[in-house]
Amino acid sequence: MLNTRRDNRRVLVFSALIIATILVITLGRSGVTGPVVTLLTTPLKPVSRLLTTTTQSIRDMTAERQEYEELEAKIEEYERIIASLQEEVVYLREIRRDYDRLSGLVDYRAQHPDQNLVTADVIGRDTSSYLRWIIINRGTRDGIRVGHPVISNLGLVGRVERATAYASWVRLANDPGSAVNARLQRSGAEGTVIGQLQGGMRMEYIPQSELVEPGDVVLTSGLGGTFPPGIVIGRVTSVRRQQATFFQAAEVQSTVDFDSLDIVSVVTSFNPVDPRVFSDVLEAEEP
Amino acid sequence: MSLQLGLPLFLVSAVLQSTVLSQLRVFGGQPDLIPVFVIVWAIFDQGSEGVVWAFFGGLFADLLSGAPLGISSLALMPVAFVISLTDAQLYRHNLLLMLLFAAGGALAYHILYLLALRFIAGQPVVWSEAIWYVTLPSVLFDIVLTAPALSILSRLHDRLHPRQVRL
């Protein structure tokens with residue numbers, strides 16, 4: 001009995017709600033419920049907005065954090081790449097420098113097929129402040145002998161003065177004890193280039209009759225047979241003429257930077273100046 | 001200083017002189033590591049060790065030089081000998097006096113070296129240029145180098161030769 005009454009009530013409530021729903025739908029479609037809906041939803045809007053914004057902010061923050069971490073990782077990666085590229089650039093610049101120097105030496109070899117060159121690294125400099133010598137990592141086992149000329153891609157470096165099996169000592173052209181027979185390229189005037197303690201060079205014993213001007217190129221003359229002819233020594237920077245003397249002197253600036261030498265070439269064989277070029281002079285002088 | 005310690009020390013000094021210090025030229029001067037070490041050791045050691053190390057140090061310096069072997073020893077040994085004759089008690093606790101003594105020693109070494117270079121090696125020497133352009137800047141460098149050398153070698157000397165107290 002009780003169950004039947006409860007079942008009836010359920011059916012009644014269900015039917016009433018179905019009817020109410022149909023009524024709401026009908027009224028809603030006809031537009032009657034609009035003001036009621038507006039009235040009910042208006043106070044909900046700020047709350048809804050606040051909740052939506054907060055949720056969005058939290059979601060954005062999480063996304064930003066993730067993005068930030070990703071960016072940070074990317075920055076770190078790019079920094080690593082930049083550092084590695086910078087390292088590579090330095091390395092390539094070094095290779096380029098070596099290449100320029102070596103290609104200069106190769107050009108020199110191509111222009112002078114009569115000469116044999118042995119390339120060497122500079123491994124030390126003189127321990128004394130009064131001497132300008134360098135030590136190179138090639139010695140008698142590489143065919144180097146005392147007296148061999150030493151050049152770089154830019155010009156004359158000096159001369160081997162001491163050689164052991166694996167190393168040689170080179171007296172630089174600007175050592176005070178160095179003297180190289182030289183000539184001026186433009187006028188052909190001859191003299192001797194002598195090293196100076198201050199690191200420069202001076203061309204002495206140039207006849208007073210010769211015209212010497214700043215900028216003149218100084219080359220080895222090859223006289224004496226110690227150096228091949230035509231190696232660039234440097235350029236004249238100033239000239240000293242004294243009336244009372246037979247000779248004039250010129251300050252010479254080397255084309256080689258002696259303080260930053262690191263690769264040089266030793267000329268192990270060359271054709272010295274042919275002494276027969278003087279035969280005409282000797283014949284003329286004979287009575 | 002024992003041979004086991006001294007020989008490597010001077011060998012390393014010679015290599016450093018040839019590779020690093022030779023590129024620190026100001027005017028024509030450069031710091032002279034071996035002469036400074038020898039002079040400072042001679043100040044601390046009143047026996048003959050200074051002269052012995054002047055001999056070996058000079059040889060090592062000449063090994064990496066164009067100068068004839070033995071020239072540096074010849075210039076250093078008299079300096080170390082004269083310093084060993086002086087009574088170091090008078091000045092060994094006064095830094096300024098020790099620096100002056102080291103500067104005098106370095107100057108004497110340079111002049112003796114130049115004389116040896118001129119008259120034994122036959123190297124042309126323009127005296128005024130050599131002294132103004134190379135010797136004086138080198139001596140100034142040596143004075144600067146002497147200060148740390150005094151500190152390091154004084155500790156080394158005290159460790160190797162502890163003072164004996166008689167009770």
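What you see is a predicted model, and the numbers here were worked out from it, not measured in a lab. (Residues numbered from 1 in each chain as written. Chains lettered and ligands numbered in written order. Predicted model: local features only at pLDDT ≥ 70, side-chain atom pairs only at ≥ 80, totals over all residues. Heavy atoms only, no water.)

J.: When you look at the overall build of chain B in this model, what are you seeing that I'm missing?
T.: Across its full length, chain B holds six helices and zero strands. N-terminal to C-terminal, the α/β element order of chain B is α-α-α-α-α-α. Oriented by its inertia axes, the alpha-carbon framework of chain B measures out at about 60 × 30 × 25 Å. Counting only residues that meet the buried cut, chain B has 47% of its 167 residues in that class. For chain B, contacts bridging at least 24 residues in sequence account for 72% of all contacts bridging at least 6. For chain B, the accessible area works out to roughly 8,300 Å², and carbon and sulfur atoms hold 73% of it. With 7 positive and 8 negative side-chain charges, chain B shows a spacing of 7 Å between the two charge centroids. (Helix = DSSP H or I, 4+ residues; strand = E, 2+ residues; numbered from the N terminus. Buried < 20%, exposed > 50% of the residue type's maximum accessible area, 1.4 Å probe, protein only. Contact = heavy atoms within 4.5 Å. Areas by Shrake-Rupley, 256 points an atom, 1.4 Å probe, with all protein chains shown as cover. Lys, Arg positive; Asp, Glu negative; His and termini not counted. Charge placed at Lys NZ, Arg CZ, Asp CG, Glu CD.)

J.: It is not clear to me how the interface of chain B and chain A should be interpreted in this structure. Could you clarify?
T.: A common measure of how large an interface is: the accessible area buried when the components associate. Listed per partner, the contact involves 29 residues of chain B and 20 residues of chain A. The junction of chain B with chain A conceals about 2,000 Å² of combined surface from both sides, 49% of it contributed by carbon and sulfur atoms. If you look at where chain B meets chain A, you find zero salt bridges. Between chain B and chain A we count 16 residue pairs in polar contact (both at pLDDT 80 or more) in total. (Buried area = accessible area lost by both parts, 1.4 Å probe. Salt bridge = Lys/Arg side-chain N within 4 Å of Asp/Glu carboxyl O. Polar contact = N/O pair within 3.5 Å; in protein donor to acceptor, adjacent residues only side chain to side chain.)

J.: Would you mind going over the sheet that holds strand S9 (residues 217–220) of chain A with me for this structure?
T.: The strands making up a sheet associate through hydrogen bonds between their backbones, and the pairing can be parallel or antiparallel. Residue and element names in this part refer to chain A. Taken in spatial order, the six strands line up as S6-S7-S8-S11-S10-S9 and close into a barrel, and their pairing is antiparallel. Recorded for the sheet is a direction-independent mean angle of 40° between the axes of neighbouring strands. Here strand S7 (residues 190–195) runs beside strand S8 (residues 201–207); their pairing, made up of four bridges, is antiparallel. What sits directly across from Thr 192, in S8, is Glu 204. (Pairing = 2+ DSSP bridges. Axes fitted to C-alpha atoms, helices over the stretch in contact; angles between N-to-C directions.)

J.: Help me understand the layout of surface pockets in this model?
T.: Over the atoms rolls a probe the size of a water molecule, and its path tells where empty space is left. All names here are of chain A. As a volume, the largest pocket reaches approximately 420 Å³. Forming the walls of the largest pocket are 23 residues, and the residues nearest its centre are Arg 132, Asn 174, Gly 199, Phe 258 and Asp 259. Examining the composition of the lining of the largest pocket, we find that three residues originate from one element, strand S11 (residues 247–254), more than from any other. Among the residues forming the lining of the largest pocket, the class breakdown is nine nonpolar, eight polar and six charged. (1 Å grid on protein atoms, 1.4 Å probe; cavity = no way out; pocket = protein on both sides within 12 Å on 5 of 7 lines; lining within 4 Å. Points joined across faces, edges and corners; volume = space filled by probe spheres on them. Nonpolar A, V, L, I, M, F, W, Y, C, P; charged D, E, K, R; others polar.)

J.: Looking at this model, I keep getting lost on the nonpolar core. Mind explaining?
T.: Side chains of a nonpolar character, in soluble globular proteins, are inclined to be buried together. One finds Ile 34 and Tyr 113 of chain B to be the most contacted residues of the largest nonpolar core, which totals 50 residues. Here this core takes 11 residues from helix H2 (residues 33–44) of chain B, the largest share from any one element. Tyr 113 of chain B has contacts with Ser 128, Tyr 130 and Leu 131 of chain A together with Ser 65, Ala 67, Ile 71, Ser 72 and Ala 75 of chain B, leaving out every residue within four places of it along the chain. Ile 144, Val 180, Ala 189 and Val 264 of chain A belong to the second-largest nonpolar core, a separate cluster that totals 41 residues. (Core = buried A, V, L, I, M, F, W, Y, C linked by side-chain atoms within 4.5 Å.)

Distances and angles like these do not, on their own, reveal function.
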